[in-house]
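# Notes for the structure review
Given next are the chains, with one letter for each unit.
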Amino acid sequence: MENFFTHKFRGKSPIEIAVMIIFGAIAITGLAILFGFVIMWLWNWLMPEIFGLTALTYWQAVGLFILLKLLLGGCGSGSSKSSKSSKRKNDHNSKSDFSKWKYYDKFWEEEGDELYKQYLERKTNPAQTNESE
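Because the structure is predicted, anything quoted here is derived from the model rather than measured. (Residues numbered from 1 in each chain as written. Predicted model: local features only at pLDDT ≥ 70, side-chain atom pairs only at ≥ 80, totals over all residues. Heavy atoms only, no water.)

Okay, the overall build of the protein chain next. Broken down by element type, the protein chain carries six helices and zero strands. The helix and strand sequence of the protein chain, counted from the amino end, reads α-α-α-α-α-α. Expressed as a percentage of the 133 residues in the protein chain, the buried residues total 5%. Considering only contacts in the protein chain between residues 6 or more positions apart, those separated by 24 or more positions represent 22%. When the accessible area of the protein chain is evaluated, it comes to approximately 12,100 Å², of which 64% is carbon and sulfur surface. (Helix = DSSP H or I, 4+ residues; strand = E, 2+ residues; numbered from the N terminus. Buried < 20%, exposed > 50% of the residue type's maximum accessible area, 1.4 Å probe, protein only. Contact = heavy atoms within 4.5 Å. Areas by Shrake-Rupley, 256 points an atom, 1.4 Å probe, with all protein chains shown as cover.)

A separate point is the nonpolar core. Formed by M40, L56, Y58, A61 and V62, the largest nonpolar core amounts to five residues. It is helix α3 (residues 58-73) that provides the largest number of residues to this core, a total of three residues. Among all residues touching Y58, those that are not within four sequence positions of it are A32, I33, G36, F37 and M40. (Core = buried A, V, L, I, M, F, W, Y, C linked by side-chain atoms within 4.5 Å.)

The next subject is helix α2 (residues 14-51). Here α2 spans 53 Å end to end across 38 residues, near enough to the 56 Å set by a 1.5 Å rise per residue. At W43, α2 shows its largest bend, some 30°. Among the residues trailing α2, G52 stands out with phi positive, at a value near 75°. (Expected span 1.5 Å × (residues − 1). Bend = angle between axes of the 7 residues up to and from the residue.)

Time to look at the packing of aromatic side chains. Taken as a whole and assessed by the stated rule, the structure comprises four aromatic pairs. Relative to F65, the ring of F35 lies with its centre 5.2 Å away and its plane at 20°, an arrangement referred to as stacked. Within this pair, whereas F35 is found in helix α2, its partner F65 is found in helix α3, the two being separated by 30 residues in sequence. Using a relative accessible area of 40% as the deciding quantity, one classes F35 as partly exposed. With a relative accessible area of 32%, F65 lands in the partly exposed category. (Phe/Tyr/Trp six-rings, centres within 6.5 Å; stacked < 30°, edge-to-face > 60°.)

Of all residues in the protein chain, 72% attain a pLDDT of 70 or more, and the chain-wide mean is 79. For the protein chain, helix α4 (residues 81-90) is the element with the lowest average pLDDT, namely 56, and α2 is the one with the highest, namely 93. (pLDDT = per-residue confidence, 0-100.)

What follows deals with the packing of α2 against α3. The N-to-C vectors of α2 and α3 enclose an angle of 105°; their axes lie 8 Å apart at closest approach. Here α2 is positioned roughly perpendicular relative to α3, judged by the angle of their axes. Packed against α2, whose contacting residues are A32, I33, F35, G36, F37, I39, M40 and W43, the element α3 presents Y58, A61, V62, L64 and F65 at the interface. Split by residue class, the contact of α2 with α3 holds 12 nonpolar, one polar and no charged. (Axes fitted to C-alpha atoms, helices over the stretch in contact; angles between N-to-C directions. Parallel < 35°, antiparallel > 145°, perpendicular 65-115°, else oblique. Nonpolar A, V, L, I, M, F, W, Y, C, P; charged D, E, K, R; others polar.)

Structure below.
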């Protein structure tokens, strides 16, 4: 995480960093207020009519949002660096392994253009491939 902060804030003055932090805090607060009103509006519009439940106040809606976030979303991933690195080691031979891509440029220089033309020929003239088989 240290590299993230040094990369993102490199060359920024302390005033710019403080403004970014203040703006972030205001944006998070604004989104929290907005989520409270949206949940309250949706609940009061749908739930009393569909299920016969009572209407919510704003603070009840915010509490419901927090409760649902804790129950369904959790507070974070809960994984550590060691578990992520061990997962990468286990997935070494998986589809996400890009270690063979280092040969791509050399392949394309040596064989790629001709093989691509052959591929296009097969796709544009499927009757020829069926006759040859």
